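Examining the three-dimensional arrangement
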Amino acid sequence: MSDTDTGLRTHRKFIVLAVLTAVAAAAVWVGFPHQKAIPNVWVLLAKLVPFVLAVETIAAMRFGPEVRRRISLAALPVCFLVFFTFFVPQIFFAAANEKSFYYLVLTLTPFIILALTLAHRLGGGAPGTARRHGYAMLLLQLSGLEDLAFLTINPHTDPAWTPIPEVWTWADHMTVRLGHPASKYEAFTLIAVHVVLAVLVLTLPDRFWLRLVGKGKQTPGAVATTPAPGAGAGATAVTTGTPAGGSEKHPEPAGH
């Protein structure tokens, strides 16, 4: 299916995923307390559902270049305004009143990831590459790199934070997965594993992902011999393989 296809049936998957994303996001925002603490791993997983659906929604877009361009003219400024007129004022207010803005930052971070992924997709990025970006950045968010950076780039004088604590009691996202507060070296290991996984998501060849989802018989990057829709004479359809079977066809002039 090419990006130039039209019709409600063509966009059915995108519409269904968009609705599910909105419902899941509303359920998480309303259904869970806005607090730093993560009671258990199931709460963590539940909070990740809207993000996964949103990435898949972005990947499922099947719009032509002109439609994507028009959407980008509205969607990207809106993303910026959500950041600048919703998150920033609330963070400033919380800081001025000595209130915690941790949950705001926790919500803002995946929003930024999705905004970047959306910008890539609207700019012509393939579905599989959008998935690579979204999931790799999510792994980096969950890695604990921010916790390590907090301890290392700030000029701490409080002995609670310097030297690096032996037990990371504050890192709930690690605690719920390990079943206990992470030791310093367990935290380092988790960070390293997440960074390696993120790099693999970004760099493993398409054939690995196709095989993983049971489509290993497909040949990513194969050049089709039939003209691409709307490409006109002298053009061939070049299939760009993408993870999880998300390949697209882009017109490419013959001889290039």
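Residues numbered from 1 in each chain as written. Predicted model: local features only at pLDDT ≥ 70, side-chain atom pairs only at ≥ 80, totals over all residues. Heavy atoms only, no water.

**Examining helix H5 (residues 127-143)**
Between its terminal C-alpha atoms H5 stretches 24 Å, which fits the 24 Å expected from 17 residues at 1.5 Å a residue. Looking at H5, one finds that the buried residues are Pro127, Gly128, Ala130, Arg131, Arg132, Gly134, Ala136, Leu138, Leu139, Leu142 and Ser143. Directly beyond the C-terminal end of H5, a positive phi value near 100° is found at Gly144. (Helix = DSSP H or I, 4+ residues; strand = E, 2+ residues; numbered from the N terminus. Expected span 1.5 Å × (residues − 1). Buried < 20%, exposed > 50% of the residue type's maximum accessible area, 1.4 Å probe, protein only.)

**Observations concerning the confidence of the model for the chain**
In this model, the chain carries an average pLDDT of 85, and 81% of its residues clear a pLDDT of 70 or more. The secondary-structure element of the chain with the lowest mean pLDDT is strand S3 (residues 235-240), recorded at 40, while helix H8 (residues 184-203) shows the highest, at 97. For the stretch residues 218-256, pLDDT sits under 50, and the model shows 75 contacts to residues farther than four places along the chain or on other chains. (pLDDT = per-residue confidence, 0-100. Contact = heavy atoms within 4.5 Å.)

**Considering the packing of aromatic side chains**
For the structure shown, the criterion picks out 12 aromatic pairs. Geometrically, the ring pair formed by Phe14 and Phe63 is edge-to-face, given 5.5 Å between the ring centres and 85° between the ring planes. Here Phe14 is found in helix H1 (residues 12-31), whereas its partner Phe63 is found in the loop between helix H2 (41-59) and helix H3 (65-96), with 49 residues between them in sequence. Geometrically, the ring pair formed by Phe208 and Trp209 is edge-to-face, given 5.0 Å between the ring centres and 85° between the ring planes. Of the residues examined, Phe208 reaches a relative accessible area of 32% and is grouped as partly exposed. It is Lys36 that lies over the ring of Tyr102; its NZ or CZ is 5.5 Å from the centre. (Phe/Tyr/Trp six-rings, centres within 6.5 Å; stacked < 30°, edge-to-face > 60°. Lys NZ or Arg CZ within 6 Å of the ring centre and 35° of its normal.)

**Regarding the environment of Leu53**
Tracing the backbone through its elements, the reader meets Leu53 in helix H2. Residue classification places Leu53 among the buried residues on the basis of a relative accessible area of 19%. Along the sequence, Leu53 and Ala24 sit 29 residues apart, while their C-alpha atoms lie 8.3 Å from each other. Leaving out residues up to four positions away in the same chain, Leu53 has contacts with Leu17, Leu20, Thr21 and Ala24.

**Description of the environment of Pro163**
If you trace the backbone, Pro163 turns up in the loop between helix H6 (145-153) and strand S1 (167-168). Its relative accessible area of 67% is what places Pro163 among the exposed residues. Spatially, the C-alpha atom of Pro163 lies 8.3 Å from that of Leu151, the residues being 12 residues apart in sequence.

**Some points on a nonpolar patch on the surface**
Among the surface-exposed residues, Leu8, Ile15, Val19 and Val23 lie close enough to one another that they form a single nonpolar patch of about 380 Å² accessible area. By the secondary structure assignment, Ile15 is in helix H1. A relative accessible area of 35% places Ile15 in the partly exposed class. (Patch = residues over 30% accessible without salt bridge, like charges linked within 9 Å, V, L, I, M, F, W, Y side chains within 5 Å. Areas by Shrake-Rupley, 256 points an atom, 1.4 Å probe, with all protein chains shown as cover. Salt bridge = Lys/Arg side-chain N within 4 Å of Asp/Glu carboxyl O.)

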